[in-house]
Amino acid sequence: GALHAACVAAVSAGGAVRQEAVARLPVPALGVRAGDVCLDLCASPGTKTMQLLEDGAAAVFANDAHVGRAEAMGAALARHGRDGIADASRVVLTVGPGETFPAPAAPFRAGARIGFDRVLADVPCSGDGTCRKDPGVLPRWTPGVGNALHAVQADIAYRGMQLLAPGGTMVYSTCSLNPVEDEAVVAEVLRRAREETGRDDAVAVLPWPTDLFPGLVRREGAAAWRVADHAERDDDDDDGEDEVGLRWFDTCEDAVAARMEHAVPSLWPPRNDTDEASVANSLRRCSRFLPHDQDTGGFFVAILKKGVGGWQDPKPPPGRPGGPLRDGDPAAAPLRPLPETVLRDIVARHDLDPERA
């Protein structure tokens, strides 16, 4: 109707931003301070990048894995009219997989450790928490989607933790309520951090701040969950159409034996671990926001604090080579020279030597 048309016109003109209420939670939970250098690992469409700038970040590195989404994000930031957001000197747009994002070559300020002050990892997910506003989500849903996404979600989250300066804060968030995309990823970050540093205090899960939206209905994170796969089955009593059933697996070994796709140990809750009770308590500090509690979408937020001891400066990630993704081309694209007009603008803006640029 008229209201929808007015909203679309306001967004197109840069005078407004549309965003689900719970999707605005990760940035306030991050606690950005004036002067912080922030990394938004999965930034498109750019609304959370705008929030980071509004909260006083000195600079935001806004990254997306897809060239087209990054270009749309840059256009959205450029047309936005509020003070500071359209200031290109505070935003660095990058294109590449979040799990292979390169480390800064030097500290951002004298005397500091290498790394970002704040990192936001609002990762790609199955989106099952959006089922109220998108009726098509539930008919398409299967547990296999979350199982398939889990590994890359964990890689992105842990790379964000590596790129965070010691003592810094990272928020991991999804619009999914599936534990394999949420608490299982947080547990894997804790495990990898303990393995890399040899310390139990390498990463701490912080509780939700009591003064942050105190009226908000919040559920604690899950400390235990089950893992399922989907399987089509024929039912002689139905009309002949295939139905989708679930296969539940107690262990990764059982799942592998049954040839479940994307089965990795980190899908399951931590077990037989000397620190299992500690991990379970940490996971309960995560935050779940359920659609029926306050007429919102579904959302998950974990606030992670990086310890100051045991961490080395971040190194290049092991995984696959980085590179932007393009429509119809899932392979990493080759590096391309910058357009001459863009190069001249960068040189002029940062007072660089044009002969060496």
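What counts, and where the lines are drawn
Residues numbered from 1 in each chain as written. Predicted model: local features only at pLDDT ≥ 70, side-chain atom pairs only at ≥ 80, totals over all residues. Heavy atoms only, no water. Helix = DSSP H or I, 4+ residues; strand = E, 2+ residues; numbered from the N terminus. Salt bridge = Lys/Arg side-chain N within 4 Å of Asp/Glu carboxyl O. Buried < 20%, exposed > 50% of the residue type's maximum accessible area, 1.4 Å probe, protein only. Polar contact = N/O pair within 3.5 Å; in protein donor to acceptor, adjacent residues only side chain to side chain. Contact = heavy atoms within 4.5 Å. Core = buried A, V, L, I, M, F, W, Y, C linked by side-chain atoms within 4.5 Å. Arc of directions from axis to C-beta. Phe/Tyr/Trp six-rings, centres within 6.5 Å; stacked < 30°, edge-to-face > 60°.

Caption draft 1: A look at the environment of Thr-47. Residue placement: Thr-47 occurs in helix α3 (residues 47–54). Taking the C-alpha atoms as reference, Thr-47 lies 8.5 Å from Arg-24; in sequence the two are 23 residues apart.

Caption draft 2: Expanded view of the pattern of salt bridges. Summed over all chains, the structure comprises 17 salt bridges. Taking the shortest distance from any N to any O, the salt bridge between Arg-113 and Asp-313 comes out at 3.4 Å. On the criterion of sequence distance, the pair formed by Arg-113 in the loop between β3 (91–95) and β4 (116–122) and Asp-313 in the loop between β11 (299–306) and α11 (340–349) is long-range, its members being 200 residues apart. Taking relative accessible area as the criterion, Asp-313 reaches 36% and is therefore assigned partly exposed. Its salt-bridge partner being Arg-191, residue Glu-188 comes within 2.8 Å of it at the nearest N-O pair. One end of the pair, Glu-188, and the other, Arg-191, are both in helix α7 (residues 183–197), three residues apart, so they sit about a helical turn from each other. The partly exposed category is assigned to Arg-191, whose relative accessible area is 34%.

Caption draft 3: Local environment of unusual backbone geometry. Here the amide bond leading from Ser-44 into Pro-45 is cis, since omega sits at 10°, within 30 degrees of zero. Locating Pro-45 in the fold gives a position in the loop between β1 (37–40) and α3. Unlike most non-glycine residues, Phe-213 shows phi in positive territory, near 50°. Mapped onto the elements of the fold, Phe-213 is located in the loop between β6 (203–206) and β7 (219–220). Residue classification places Phe-213 among the partly exposed positions, given a relative accessible area of 42%. Positioned with a positive phi, His-262 is a non-glycine residue whose angle comes to about 65°.

Caption draft 4: Region of the structure containing the side chain of His-150. With respect to the helices and strands, His-150 occurs in helix α6 (residues 143–163). Here Ser-266 takes part through its side chain, which lies 2.7 Å from a polar atom of the side chain of His-150. Leave out the neighbours within four places in its chain, and His-150 touches Val-180, Ala-184, Val-185, Val-264, Ser-266 and Leu-267.

Caption draft 5: Fine view of the nonpolar core. With 48 residues, the main nonpolar core has Met-161, Val-186 and Leu-304 as its most contacted residues. The element that contributes the greatest number of residues to this core is α7, accounting for seven residues. Setting aside residues no more than four positions away along its own chain, Met-161 makes contact with Met-170, Val-189, Val-203, Leu-304, Lys-306 and Trp-311. By size, the runner-up hydrophobic cluster in this structure holds 27 residues, among which are Ala-23, Ala-43, Met-50 and Trp-208.

Caption draft 6: Examining the side chain of Gln-153 more closely. As for its placement among the helices and strands, Gln-153 is situated in helix α6. Looking at Gln-153, its side chain comes within polar contact range of the side chain of Glu-181, at 3.0 Å.

Caption draft 7: Local environment of helix α9 (residues 276–284). Regarding α9, the residues found buried are Val-279, Ala-280, Ser-282 and Leu-283. End-on, the buried residues of α9 take up no more than an arc of 160°, which puts them together on one face.

Caption draft 8: The arrangement of the packing of aromatic side chains in detail. Evaluated as defined, the whole model comprises seven aromatic pairs. Consider the rings of Phe-61 and Phe-116, whose centres lie 5.3 Å apart with planes at 75°: the pair is edge-to-face. Of this pair, Phe-61 sits in strand β2 (residues 59–64) while Phe-116 sits in strand β4; the two residues are 55 residues apart in sequence, bridging distant segments of the chain. Comparing Phe-61 with Phe-116, the two get one shared label, buried. Between Trp-208 and Phe-289 the ring centres are 5.4 Å apart and the planes differ by 70°, which places this aromatic pair in the edge-to-face class. Taken together, the residues Trp-208 in the loop between β6 and β7 and Phe-289 in strand β10 (residues 287–289) connect sequence positions 81 residues apart. Each member of the pair, Trp-208 together with Phe-289, is buried.

The quantities given are spatial measurements derived from coordinates; they are silent on function.
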